[in-house]
Amino acid sequence: MRDNRTPGFVTGLPTPQETLARTNWAELNHAYGRATDAPRILGGLLDEDQAVRTEALDDLHHVLHHQNTLYEATVPAALYVAALLPDVRMTLPVDKSRHSFPGCLRAELLAWIGSIAAEVGDTAEVAAQRLGFPLDDYPPAVALRELRPALFTAACAFLDDADRHVREAAIAACVPLLDDARLSQHRGTLVPLLRQVLGTSELWQHREWAIDALDAWGQDSTGLEGQQNPFLVCDTELQADDSPWRPGAGNAQGWSEELPF
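A short tour of the structure in this document, coming up.

### Digging into the overall build of the protein chain
Phase 1: Looking only at helices and strands, the protein chain features 10 helices and two strands.
Phase 2: Reading the secondary structure of the protein chain in the N-to-C direction produces α-β-β-α-α-α-α-α-α-α-α-α.
Phase 3: Considering the protein chain as a whole, with its 261 residues, one finds that 52% of them fall into the buried category.
Phase 4: The long-range fraction of contacts in the protein chain, counting pairs at least 24 apart against all pairs at least 6 apart in sequence, stands at 63%.

Right, dumping it as structure tokens:
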């Protein structure tokens, strides 16, 4: 829901400027230590220079959410990103590699929200419990879980966006957020969007995610086609330091949830 009193921002969230000003970044950690550079990274998402925006997006993934990890600084960064989504500048492009998903900066930021949301979702909880590290014992995970309703509201604003890439990214971002018991009643709203939009995507990763979500929710995924040739995901030129993308983890520049073999 957008706040009519504050055009361009989302109800229930501080403005991006408020998050930057109110957060003591020096007391928070990210992948490389104290998050004193987080305001620069986040501010770079609004830069007029496409190269600067691209670098900021890369740092969002690889500094504030490195290797799918949640850090203390990831939480206020999520507040900032969610509040930034309605900004008209989010329709600007960023540089793409041959592994990139298509779409403007808004689509990329929605994918990032889906990525961090998946790290506190049901699948992540099962994996953490199995490894002996329950999410309830990890403060960044606990804090991010509390933000899920606000993040869901922010993503929902783009479920019917005119830009197909943004629309798909919004649906994909909402899926892991709906693991929250406070939000699970909204799954019914997403079911037709999973079938008709994500399930018919040109991206096989999105189609697979639609199938997985429908199956997990006890819904019929008959007729949706995932990846027909699993060996197409193999790429002998993929560099060793490239992180494979999976829905809700890593970045939006790569592959799918898990290699299907």
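### Brief notes about helix 9 (residues 187-196)
Phase 1: For helix 9, the full list of buried residues reads Leu190, Val191, Leu193 and Leu194.
Phase 2: Where helix 9 is buried, its residues contact helix 8 (164-177) and helix 10 (204-216).

### Let's talk about the environment of Thr123
Phase 1: Along the polypeptide, Thr123 turns up in helix 6 (residues 122-131).
Phase 2: Exposure remark for Thr123: the relative accessible area of 62% places this residue in the exposed category.
Phase 3: With 56 residues separating them in the primary sequence, Thr123 and Asp179 have C-alpha atoms 9.2 Å apart.

### Side note on the pattern of salt bridges
Phase 1: Counting across every chain of the model gives 11 salt bridges.
Phase 2: A salt bridge links Glu18 to Arg22; its shortest N-O distance comes to 3.7 Å. Pair noted here: Glu18 and Arg22 are both in helix 1 (residues 16-22), with a separation of four residues, about one helical turn.
Phase 3: Given a relative accessible area of 30%, Glu18 falls into the partly exposed group.
Phase 4: Each of Glu146, Arg148, Asp180 and Arg182 takes part in one network of salt bridges that share partners.

### Considerations on the nonpolar core
Phase 1: If you look at the biggest cluster of nonpolar residues, it comprises 75 residues, and the most contacted ones within it are Leu45, Leu109, Ile113, Leu190 and Leu194.
Phase 2: If near-sequence neighbours (up to four positions away) are discounted, Ile113 is found in contact with Val81, Ala82, Leu85, Leu151, Ala173 and Leu177.

### Considering the environment of His62
Phase 1: Looking at where His62 falls in the secondary structure, it is placed in helix 3 (residues 50-62).
Phase 2: Here His62 falls in the partly exposed class, since its relative accessible area comes to 23%.
Phase 3: Sequence separation between His62 and His30 is 32 residues, and the spatial gap between their C-alpha atoms is 9.6 Å.

### Focus: a negative patch on the surface
Phase 1: A cluster of acidic residues, Asp47, Glu48, Asp49 and Asp95, forms a negative patch on the protein surface.
Phase 2: Along the chain, the position of Glu48 falls in the loop between helix 2 (38-43) and helix 3.

### Considering helix 4 (residues 74-84)
Phase 1: Most of helix 4 is tucked away: 11 of the 11 residues are buried.
Phase 2: Within helix 4, burial applies to Thr74, Val75, Pro76, Ala77, Ala78, Leu79, Tyr80, Val81, Ala82, Ala83 and Leu84.
Phase 3: Of the surrounding elements, those touching the buried residues of helix 4 are helix 1, helix 2, helix 3, helix 5 (105-118) and helix 7 (139-156).

### Points about unusual backbone geometry
The phi angle of most residues is negative, glycine excepted, and most peptide bonds adopt the trans form.
Phase 1: Positive phi is not limited to glycine here, since Gln67 has a value of about 50°.
Phase 2: Position of Gln67 among the secondary structure elements: in the loop between helix 3 and helix 4.
Phase 3: Positive phi, close to 65°, is recorded for Asn68, a residue that is not glycine.
Phase 4: On the secondary structure map, Asn68 appears in the loop between helix 3 and helix 4.
Phase 5: Overall, Asn68 belongs to the partly exposed group, its relative accessible area being 22%.

About the criteria used
- Residues numbered from 1 in each chain as written.
- Predicted model: local features only at pLDDT ≥ 70, side-chain atom pairs only at ≥ 80, totals over all residues.
- Heavy atoms only, no water.
- Helix = DSSP H or I, 4+ residues; strand = E, 2+ residues; numbered from the N terminus.
- Buried < 20%, exposed > 50% of the residue type's maximum accessible area, 1.4 Å probe, protein only.
- Contact = heavy atoms within 4.5 Å.
- Salt bridge = Lys/Arg side-chain N within 4 Å of Asp/Glu carboxyl O.
- Core = buried A, V, L, I, M, F, W, Y, C linked by side-chain atoms within 4.5 Å.
- Patch = residues over 30% accessible without salt bridge, like charges linked within 9 Å, V, L, I, M, F, W, Y side chains within 5 Å.
- Areas by Shrake-Rupley, 256 points an atom, 1.4 Å probe, with all protein chains shown as cover.
- Lys, Arg positive; Asp, Glu negative; His and termini not counted.
- Charge placed at Lys NZ, Arg CZ, Asp CG, Glu CD.

Distances and angles like these do not, on their own, reveal function.
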